[in-house]
Amino acid sequence: FPALLLFTLAHRYLGLSSMLFAAGAGIVFRIAYLKLKQVTHPAASIALVAAVHGLWNIGVYYYLWGHSAAA
């Protein structure tokens, strides 16, 4: 729970709706990590979950700012 709370609070600058989304995403990331850890090394599991988070952020940033710059 403390990690989920910190993850959620780290997104507070984006507003309440983003904090709620971050809480949900944090739960999904935690479940993914726990499942991946059963089949691979914990460090690889963290790396995979972090990579998905990074790709998600790239997609969000592109959606918010990428195609507005092309317009």
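The rules behind the values
Residues numbered from 1 in each chain as written. Predicted model: local features only at pLDDT ≥ 70, side-chain atom pairs only at ≥ 80, totals over all residues. Heavy atoms only, no water. pLDDT = per-residue confidence, 0-100. Helix = DSSP H or I, 4+ residues; strand = E, 2+ residues; numbered from the N terminus. Phe/Tyr/Trp six-rings, centres within 6.5 Å; stacked < 30°, edge-to-face > 60°.

What follows covers the confidence of the model for the protein. When pLDDT is averaged along the protein, the result is 88, and 93% of the positions lie at 70 or above. Element-level mean pLDDT values for the protein span from 86 in helix H3 (residues 42-70) up to 92 in helix H2 (residues 16-39).

This brings us to the packing of aromatic side chains. For the structure on display, the rule yields 3 aromatic pairs. Taking the centre distance of 6.2 Å and the plane angle of 80° together, the rings of Phe-7 and Phe-29 count as edge-to-face. Of the two residues, Phe-7 sits in helix H1 (residues 2-9) while Phe-29 sits in helix H2, which places them 22 residues apart along the sequence.

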